[in-house]
Number of protein chains: 2
Amino acid sequence: MSELGPLHVEPGRPAGLHRRHPGSSLGLVDKAAATAELKKLVAELSVLQNHLYAEAKQSLLVVLQGMDASGKDGTIRRVFTGVNPQGCDVTAFNFPSHGELAHDYLWRCHARCPRRGEIGIWNRSHYEDLVTVWVRGLIDDARRERRLHHVRCFEHMLHDEGTTQLKLFLHISHDEQGRRLQKRLDDPEKRWKFDPSDLVARKQWDEYHEAYEVALTATSTEFSPWYVVPADHKWARDVAVARLLVETLRGMHPEIPPPLEALDGMAVD
Amino acid sequence: MSELGPLHVEPGRPAGLHRRHPGSSLGLVDKAAATAELKKLVAELSVLQNHLYAEAKQSLLVVLQGMDASGKDGTIRRVFTGVNPQGCDVTAFNFPSHGELAHDYLWRCHARCPRRGEIGIWNRSHYEDLVTVWVRGLIDDARRERRLHHVRCFEHMLHDEGTTQLKLFLHISHDEQGRRLQKRLDDPEKRWKFDPSDLVARKQWDEYHEAYEVALTATSTEFSPWYVVPADHKWARDVAVARLLVETLRGMHPEIPPPLEALDGMAVD
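Notes on the structure in this doc start here. Computed from a prediction, not measured in an experiment: that's the story for all the values here. (Residues numbered from 1 in each chain as written. Chains lettered and ligands numbered in written order. Predicted model: local features only at pLDDT ≥ 70, side-chain atom pairs only at ≥ 80, totals over all residues. Heavy atoms only, no water.)

**Quick word on the pattern of salt bridges**
All names here are of chain A.
Link 1 in the chain: Tallying each qualifying case throughout the model produces 32 salt bridges over all chains.
Link 2 in the chain: Of the charged contacts in the structure, one is a salt bridge between aspartate 89 and arginine 112, with a shortest N-O distance of 3.2 Å. Of this pair, aspartate 89 sits in strand E2 (residues 88–92) while arginine 112 sits in the loop between helix H4 (107–111) and strand E3 (119–123), placing them 23 residues apart in sequence.
Link 3 in the chain: Overall, the relative accessible area of 34% leaves arginine 112 in the partly exposed class. (Salt bridge = Lys/Arg side-chain N within 4 Å of Asp/Glu carboxyl O. Helix = DSSP H or I, 4+ residues; strand = E, 2+ residues; numbered from the N terminus. Buried < 20%, exposed > 50% of the residue type's maximum accessible area, 1.4 Å probe, protein only.)

Right, here's the structure in full:
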């Protein structure tokens with residue numbers, strides 16, 4: 001965990017986003033070294049996930065948040081391709097539907113919590129209801145405060161009942177976001193991802209970071225930690241996320257159930 | 001609320017189940033008087049529910065708990081028959097399925113929380129995971145303590161996000177339960193409801209009541225109150241529940257949205 005320790009948001013201390021470097025390469029020499037390490041990590045991730053699935057007693061919830069173009073989709077594609085999709089459940093929490101808005105904001109998230117044995121991956125999450133909704137002025141400070149409390153309670157319950165959690169904030173710089181959004185506009189293969197409202201959010205860069213600072217600080221707990229992943233270099237970001245996943249899964253010690261004793265010496269004819 | 005005040009479990013004070021009388025007739029003269037009052041209450045309930053549905057801003061969650069044969073099904077049938085089922089959503093939480101057990105115990109309940117504008121009625125609830133599961137020795141005291149905390153948090157969140165709650169413990173005497181279970185055995189029309197495991201739970205009468213005492217005391221809050229409804233007389237029970245529903249809905253002040261101004265003088269040709 002040595003290189004990853006500094007990414008952790010220590011419970012009870014400020015997240016300190018402004019002091020963290022989106023361009024960090026985490027001590028990796030270059031992209032080639034990162035690619036080699038990622039390959040090994042994904043192989044181990046695949047084995048660990050298989051054990052988790054076979055054991056079917058505990059689950060892992062991975063929450064991905066970050067500004068537009070911070071690489072949430074790319075991280076999932078690059079880190080989880082090669083892992084058995086049976087047992088990995090990805091949910092993209094986009095703008096809530098009419099039916100979802102008829103319920104409390106945690107309703108649609110709770111519904112998509114991973115089953116025992118599964119890894120649940122959330123591309124955006126209930127944190128949109130603390131951050132985006134606050135920046136847009138849809139909830140005031142008092143309501144955000146209450147929601148921060150709900151969220152801590154909800155995550156504590158998930159932990160108590162068998163869900164390990166790993167929350168990742170993909171941290172990019174304003175310049176790098178600019179380059180990526182421009183690329184989306186210019187590249188016909190990527191243009192479908194461009195949403196003009198991303199430019200509105202880009203103008204509120206500071207407000208979003210202030211809101212993330214509050215949310216991460218208030219909700220990084222022993223039972224549901226946040227990590228701030230430097231995300232300007234995609235290769236560094238992927239390795240950081242894969243390392244965190246492998247470390248977390250190792251710590252869960254998933255065990256393949258012991259075979260029935262009666263199987264010894266049994267022959268299939 | 002004068003006759004209903006004593007049914008309330010005051011937050012922070014013991015529920016005191018052993019001091020409450022399952023045979024109370026709540027000051028009603030006789031069954032005929034109760035029937036007449038129930039009819040009026042159901043009519044008002046129907047109007048209030050229609051307003052709640054039209055408004056579509058807030059919801060009401062009614063939780064029904066009680067020993068076997070305490071009248072949970074009967075209460076729903078007698079109080080809600082005559083209320084528009086569009087906008088009333090009843091869920092019977094029976095033994096959890098394999099898929100439900102693969103999630104935390106609040107997962108299936110949260111999924112069935114009422115939408116804005118709806119009345120959600122839970123026939124049994126997450127309280128089974130605090131009471132029954134504890135009596136059966138499936139969770140220890142420490143785990144129950146944690147769950148009591150989760151439940152308070154969950155209910156607080158529901159309240160903050162627009163769900164008014166009314167939790168009803170149908171309180172019957174040991175003798176009355178005996179008569180009702182015997183009737184289930186003897187009456188061919190009722191025999192399908194008889195479950196031999198009810199006799200096991202009947203033998204653990206004191207343990208169940210001790211567990212309910214703890215659960216009601218710990219979770220009757222300003223935002224999610226418990227009421228202990230005397231349930232030996234079905235007619236008194238029905239009136240008590242209907243009164244509580246009407247009082248609660250009145251207190252929510254559901255309002256039909258104002259018509260569009262442009263409608264004035266408009267003619268349909």
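**Side note on the environment of B:Glu261**
Link 1 in the chain: Looking at the secondary structure, you find B:Glu261 in the segment after helix H10 (234–252).
Link 2 in the chain: Taking the C-alpha atoms as reference points, B:Glu261 and B:Lys203, separated by 58 residues in sequence, lie 64 Å from one another.

**Some details on helix H2 (residues 72–80) of chain A**
Residues and elements named next belong to chain A.
Link 1 in the chain: Within H2, burial applies to Lys72, Gly74, Thr75, Ile76, Val79 and Phe80.
Link 2 in the chain: Residues of H2 that are buried sit in contact with helix H1 (31–55), strand E1 (59–66), E2, E3, strand E4 (163–171) and helix H10 (234–252).
Link 3 in the chain: One or two residues past the end of H2 sits glycine 82, with phi positive at roughly 105°. (Contact = heavy atoms within 4.5 Å.)

**A closer look at a negative patch on the surface**
All names here are of chain A.
Link 1 in the chain: Taken together, the side chains of Asp140, Asp141, Glu145, Asp206, Glu207 and Glu210 define an acidic patch exposed on the protein surface.
Link 2 in the chain: Breaking the negative patch down by element, the ones donating at least two residues are helix H6 (141–160) and helix H9 (205–219).
Link 3 in the chain: Looking at the negative patch, the element that brings in the most residues is H9, giving three residues.
Link 4 in the chain: Looking at where glutamate 145 falls in the secondary structure, it is placed in helix H6. (Patch = residues over 30% accessible without salt bridge, like charges linked within 9 Å, V, L, I, M, F, W, Y side chains within 5 Å. Areas by Shrake-Rupley, 256 points an atom, 1.4 Å probe, with all protein chains shown as cover. Lys, Arg positive; Asp, Glu negative; His and termini not counted. Charge placed at Lys NZ, Arg CZ, Asp CG, Glu CD.)

**Here we look at the interface of chain A and chain B**
Link 1 in the chain: Between chain A and chain B, the residue contacts involve 24 residues of the former and 25 residues of the latter.
Link 2 in the chain: Carbon and sulfur atoms supply 51% of the area that chain A and chain B bury against each other, a total of about 2,200 Å² over both sides.
Link 3 in the chain: Taken together, the links from chain A to chain B amount to six salt bridges.
Link 4 in the chain: B:Arg146 is the salt-bridge partner of A:Asp160, the closest N and O atoms lying 3.8 Å from each other.
Link 5 in the chain: Connecting chain A to chain B are 21 residue pairs in polar contact (both at pLDDT 80 or more).
Link 6 in the chain: Those elements giving two or more residues to the side of chain A that touches chain B turn out to be helix H3 (98–101), H4 and H6 of chain A.
Link 7 in the chain: Of all the elements, H6(A) adds the most residues to the side of chain A that touches chain B, at nine residues.
Link 8 in the chain: Class assignment of the residues belonging to the side of chain A that touches chain B gives a composition of 11 nonpolar, five polar and eight charged. (Buried area = accessible area lost by both parts, 1.4 Å probe. Polar contact = N/O pair within 3.5 Å; in protein donor to acceptor, adjacent residues only side chain to side chain. Nonpolar A, V, L, I, M, F, W, Y, C, P; charged D, E, K, R; others polar.)

Note that every value here comes from positions in space, so none of it alone points to a role or purpose.
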